[in-house]
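The lines below spell out each chain.
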Amino acid sequence: MLQKIYDWIDERLDITPMWRDIADHEVPEHVNPAHHFSAFVYCFGGLTFFVTVIQILSGMFLTMYYVPDIIHAYESVYFLQNEVTHGVIVRGMHHWGASLVIVMMFLHTLRVFFTGSYKKPRELNWVVGVLIFFVMLGLGFTGYLLPWDMKAYFATVVGLEIAESAPVIGGFAKALLAGGEIIGAQTLTRFFAIHVFFLPGALLGLLGAHFYMIRKQGISGPL
Amino acid sequence: MHRGKGMKFVGDSRIPAERKPNIPKDYSEYPGKTEAFWPNFLLREWMVGAVFLVGFLCLTVAHPAPLERMADPTDSGYIPLPDWYFLFLYQLLKYEFASGPYTVIGAVVIPGIAFGALLLAPWLDQGPERRPIRRPIASSIMLLAVASVIFLTWESVDQHDWEAAAQQGAIVDFEVDEESYAFEIWTTQQNCINCHGGDMLGGAAAPAVFESDYSKEEVIDIIKNGAPGMPADQFEGTDEELEILAAFIANDGQDPEDD
Ligand code: HEM
């Protein structure tokens with residue numbers, strides 16, 4: 001049955017070449033932990049991706065309850081945490097996943113660095129990786145404000161003060177992020193938009209480039 | 001690719017009529033123990049992923065995500081703390097050479113150099129050597145950077161007063177005595193309930209009636225004259241009932257006689 005459906009679609013859209021292109025690639029011995037245990041360091045990229053998927057899915061469920069305005073934001077998070085069935089797990093996954101993804105990404109960066117995998121011809125992929133790093137930190141920073149509790153608010157105040165201290169663009173950067181002079185209703189709306197639309201969009205684009213380059217170039221050889 | 005005459009298409013589309021076989025690539029001639037990513041490797045990875053996921057779920061159940069009380073921008077005494085992975089930056093800004101008039105150094109120059117160097121690593125370290133031992137400069141700079149980040153994070157955690165932090169952020173819970181006469185009066189005040197909720201603990205439109213530490217007289221004044229966002233003269237009842245309710249509110253939800 002599945003085969004029939006596949007053939008039906010394949011006849012119309014010729015998906016076999018595309019599918020074989022995605023599915024067919026080799027896992028060399030030196031990156032396979034089944035053969036060399038120390039190769040587990042090569043798993044950090046994949047684990048980062050795994051946690052990123054968890055973040056996207058749990059985040060989607062969070063937005064089913066979250067209300068991005070200063071009157072309801074806290075209430076909605078409180079409600080999700082304390083009243084909604086399994087809400088505490090969904091929020092917990094997004095909260096701890098945010099930390100985990102940073103840890104995994106850090107380990108992945110160290111693996112790439114210490115195996116010298118950023119060298120020719122993989123310079124561009126390294127640059128894309130560092131941009132992903134920045135996007136991830138941005139997601140962490142903007143997401144921290146969203147529950148609109150005490151720690152969220154005052155951490156953002158400090159963060160924006162730091163941004164403001166930058167020469168030349170500081171004032172502009174702060175106004176852009178805060179949406180005005182005071183850190184309040186506008187800031188929360190901005191951070192929500194940045195956290196949920198702008199940065200994930202950038203992240204998906206960068207991840208696409210990252211994976212395309214890995215597939216095109218293959219993983220770096222053994223040391 | 002097949003081109004030119006003799007090509008057959010599906011209908012009037014550009015899909016070639018000739019089907020390509022869907023056969024996985026053969027890696028037996030590849031060096032070493034190379035194996036196929038799909039499905040061999042991925043199936044095994046999924047099992048590892050499942051174990052990872054179970055561990056992760058246990059963590060989320062054992063440690064619910066923290067939530068402090070609702071943001072109060074006027075509370076200037078609050079000691080702020082960013083999420084842990086920004087602590088190294090936060091700590092850096094506490095040192096004399098990177099704070100006050102030198103904030104630019106801590107906020108822009110040092111992180112700028114560090115992250116700029118990270119971004120440009122492929123051009124700063126152009127040699128063909130890949131083993132970390134054979135490129136001692138690059139490796140030691142990276143080790144130094146990692147050590148500094150760990151050190152700064154450690155210092156920051158060490159210097160933070162965690163007990164005070166837990167207290168300043170704690171959600172304040174009021175125990176409302178719902179058996180009391182005063183609470184009975186409250187249940188008849190539909191106006192108040194609309195904004196402050198049937199449990200007196202507030203809602204979207206208004207804070208808990210116990211929010212600030214007002215005296216009985218101040219509470220009566222607010223109820224009679226209103227407050228920003230709260231209309232005046234909403235109370236329906238006798239002055240005596242108003243007194244009882246106000247005393248109950250001023251006493252954070254308990255009858256004053258009881259204690
Ligand atoms: C969301 C974040 C990221 C994800 C999901 C991700 C994913 C991956 C994956 C699956 C690989 C294949 C090899 C492996 O697993 O180790 C890889 C390779 C690579 N990554 Fe990442 N990565 C991320 C962030 C980064 C960052 C922050 C950097 C560097 C600053 C980076 C630089 C590289 C480079 C240069 C390679 C090629 C390494 C080689 O061929 O040996 N990536 N990435």
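What counts, and where the lines are drawn
Residues numbered from 1 in each chain as written. Chains lettered and ligands numbered in written order. Predicted model: local features only at pLDDT ≥ 70, side-chain atom pairs only at ≥ 80, totals over all residues. Heavy atoms only, no water. UniProt positions renumbered as here; feature names shortened; annotations may be inferred. Helix = DSSP H or I, 4+ residues; strand = E, 2+ residues; numbered from the N terminus. Rg over C-alpha atoms; globule rule 2.2 N^0.38 Å. Buried < 20%, exposed > 50% of the residue type's maximum accessible area, 1.4 Å probe, protein only. Contact = heavy atoms within 4.5 Å. Areas by Shrake-Rupley, 256 points an atom, 1.4 Å probe, with all protein chains shown as cover. Lys, Arg positive; Asp, Glu negative; His and termini not counted. Charge placed at Lys NZ, Arg CZ, Asp CG, Glu CD. Near = heavy atom within 4 Å. Polar contact = N/O pair within 3.5 Å; in protein donor to acceptor, adjacent residues only side chain to side chain. Nonpolar A, V, L, I, M, F, W, Y, C, P; charged D, E, K, R; others polar. Axes fitted to C-alpha atoms, helices over the stretch in contact; angles between N-to-C directions. Parallel < 35°, antiparallel > 145°, perpendicular 65-115°, else oblique. Donors = N, O, S within 2.8 Å, 3.2 Å for Na, K, Ca; no water. Tetrahedral: all angles 85-135°; square planar, octahedral: opposite > 155°, others 65-115°. Core = buried A, V, L, I, M, F, W, Y, C linked by side-chain atoms within 4.5 Å.

The name given to chain B in an unreviewed UniProt entry is Menaquinol:cytochrome c reductase cytochrome c subunit, and the organism recorded there is Evansella alkalicola. Looking at chain B in UniProt, the text filed under Sequence similarities (unreviewed entry) is "Belongs to the cytochrome b family."

The name given to chain A in an unreviewed UniProt entry is Cytochrome b6, with the source organism recorded as Evansella alkalicola.

Colleague: How would you explain the overall build of chain B if you had to name every residue and give the values?
Modeller: Looking only at helices and strands, chain B has 10 helices and 1 strand in total. When the elements of chain B are put in sequence order from the N terminus, they spell out β-α-α-α-α-α-α-α-α-α-α. Taking 2.2 N^0.38 as the reference for a compact globule, 259 residues should give roughly 18 Å; the C-alpha atoms of chain B span a radius of gyration of 34 Å, well beyond that estimate. Based on the C-alpha atoms only, the size of chain B along its principal axes is roughly 95 × 65 × 35 Å. For chain B, with 259 residues in total, the buried portion stands at 32%. Contacts in chain B between residues far apart in sequence, at least 24 positions, make up 51% of those at least 6 positions apart. Summed over all atoms, the accessible surface of chain B reaches about 16800 Å², with 61% contributed by carbon and sulfur. Each charge class in chain B can be summarised by its mean position, and for the 17 positive and 40 negative side chains these summaries are 39 Å apart.

Colleague: Tell me about the site of the ligand, residues and numbers included.
Modeller: Residues and elements named next belong to chain A. Around the ligand, a shell composed of 27 residues is seen, among which Tyr42, His108, Arg111, His210 and Ser220 lie nearest. With respect to the ligand, the backbone of glycine 45 contributes an N or O atom lying 3.4 Å from an oxygen atom. One of the side-chain nitrogen or oxygen atoms of arginine 122 is found 3.1 Å away from an oxygen atom of the ligand. Elements that contribute at least two residues to the shell around the ligand include exactly helix H3 (44-62), helix H5 (87-114), helix H6 (123-145) and helix H9 (185-217). Examining the composition of the shell around the ligand, we find that 7 residues originate from one element, H6, more than from any other. A per-class count over the shell around the ligand returns 13 nonpolar, 12 polar and 2 charged.

Colleague: Tell me about the packing of helix H8 (residues 170-178) of chain A against H9 of chain A, and please be specific about residues and values.
Modeller: Residue and element names in this part refer to chain A. As a packed pair, H8 and H9 sit with axes 7 Å apart at the nearest point and diverge in direction by 85°. Judged by the inter-axis angle, H8 sits roughly perpendicular to H9. Counting all contacts with H8, which are made through Ala175, Leu176, Leu177 and Ala178, the residues of H9 involved are Gln186, Thr187, Arg190, Phe191 and Ile194. For the contact of H8 with H9, the residue count by class is 6 nonpolar, 2 polar and 1 charged.

Colleague: How would you sum up the coordination of the iron atom of the ligand? Please name residues and give values.
Modeller: Residues and elements named next belong to chain A. At 2.0 to 2.1 Å from the iron atom of the ligand lie its protein donor atoms, namely His108 (NE2) and His210 (NE2). Each of the 6 donor atoms bound to the iron atom of the ligand contributes to angles spanning 85 to 178°, and the resulting shape is octahedral. Separated by 102 residues along the polypeptide, histidine 108 in helix H5 and histidine 210 in helix H9 bring together distant segments of the chain. Judged by relative accessible area, histidine 108 falls into the buried class, the value being 18%.

Colleague: Before we move on, could you go through the nonpolar core and cite the residues and values that matter?
Modeller: Soluble, globular proteins show a tendency: their nonpolar side chains are buried together. Residue and element names in this part refer to chain B. By size, the foremost hydrophobic cluster in this structure holds 21 residues, and its most contacted members are Trp186, Met200, Phe210 and Ile249. Of all the secondary structure elements, the ones that give two or more residues to this core are helix H7 (181-187), helix H8 (190-196), helix H9 (216-225) and helix H10 (239-250). Among the elements that line this core, the one with the most residues is H10, at 5 residues. Residues in contact with methionine 200, not counting those within four places in the same chain, are Val176, Phe183, Trp186, Ala208, Val209, Phe210, Leu245, Phe248 and Ile249.

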